[in-house]
Amino acid sequence: MTQAQTQAQTESKLYTFDEFIEWYPENSQVRYELYDGVIVEMPKPRGKHSKLTGSLIERLLIAIREMGKGDIWTIPRESIVKPSRDKSGYEPDIIVLDEETIGTETRWEAESIIQNATSVKLIVEVVSTNWQDDYYDKRRDYEAMGIPEYWIADYAALGGREYLGYPKQPTIFVYELIEGEYVKTTFRENDLIKSPTLPQFNLTAQQIFDLALKTGNAET
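Quick summary incoming for the structure in this document. (Residues numbered from 1 in each chain as written. Predicted model: local features only at pLDDT ≥ 70, side-chain atom pairs only at ≥ 80, totals over all residues. Heavy atoms only, no water.)

This brings us to the overall build of the protein. When you go through the protein residue by residue, the secondary structure sums to seven helices and 10 strands. Relative to the 2.2 N^0.38 estimate, which gives 17 Å for 220 residues, the radius of gyration of the protein is 17 Å and therefore close to what a compact globule would have. By its C-alpha atoms, the protein is 50 × 40 × 35 Å across when sized along the principal axes. Expressed as a percentage of its 220 residues, the buried residues of the protein come to 47%. Partitioning the contacts of the protein with sequence separation of at least 6, the portion at a separation of at least 24 is 58%. Each charge class in the protein can be summarised by its mean position, and for the 24 positive and 37 negative side chains these summaries are 5 Å apart. (Helix = DSSP H or I, 4+ residues; strand = E, 2+ residues; numbered from the N terminus. Rg over C-alpha atoms; globule rule 2.2 N^0.38 Å. Buried < 20%, exposed > 50% of the residue type's maximum accessible area, 1.4 Å probe, protein only. Contact = heavy atoms within 4.5 Å. Lys, Arg positive; Asp, Glu negative; His and termini not counted. Charge placed at Lys NZ, Arg CZ, Asp CG, Glu CD.)

With that settled, consider the pattern of salt bridges. Counting across every chain of the model gives 15 salt bridges. A salt bridge links R31 to D93, with the nearest nitrogen and oxygen atoms 3.5 Å apart. Of this pair, R31 sits in the loop between α2 (17–23) and β1 (32–35) while D93 is found in the loop between β4 (80–81) and β5 (94–98), placing the two residues 62 residues apart along the sequence. Here the residues in one salt-bridge network are D36, R85, D137, R140 and D141, joined through shared partners. (Salt bridge = Lys/Arg side-chain N within 4 Å of Asp/Glu carboxyl O.)

What follows deals with helix α7 (residues 205–213). Taken together, the buried positions of α7 are occupied by A205, I208, F209, L211 and A212. Around the axis of α7, the buried residues are gathered within 140° of arc, so they sit on the same side. Taken together, the buried residues of α7 touch α3 (47–66), β8 (149–154), β9 (171–178) and β10 (181–187). (Arc of directions from axis to C-beta.)

As structure tokens, this is what we get:
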């Protein structure tokens, strides 16, 4: 149990999203998310996870520029997504924002908070030990918000066998919102990633996994 979870349970308090934002330590070196009212300290990205996230951002930005969207679609260093439910809040590993519509976000400039699906083109979560969050909570809430595209990049095959098969295989899942529901496409090994939002993106699943492997013996 994390320190933040212990604090929340000790106080016997479930936080609303606004209370969570007010609680969030200023200039914190630790990331926190809110799950059904409970503040959870997130694993610090490091080693392969950190390398993959940073390298994938670079590749996504290249695809965005090739589409002529370089001045319109941006990837901020940090942001907090507020789902429709009032007692949850997430900080995605990667989020692509649309500068043409982000003006509707009343809390963006002061608090880096995203509330509207129209501001988001794509969210990517790189799976770590808390894999259930990405596969269950975030997938459910991003779908309910209307986020048009969501990737789960499970480079270390940490997720459940229901998703990864047996034996487990590193996998990337691309969820596309169609008629209000996510439709999942699975990519492994030499499958070329097909992104509805970024058709210029031209890496295979294995090429993405190799972005993490380049860290040598670093932690996952």
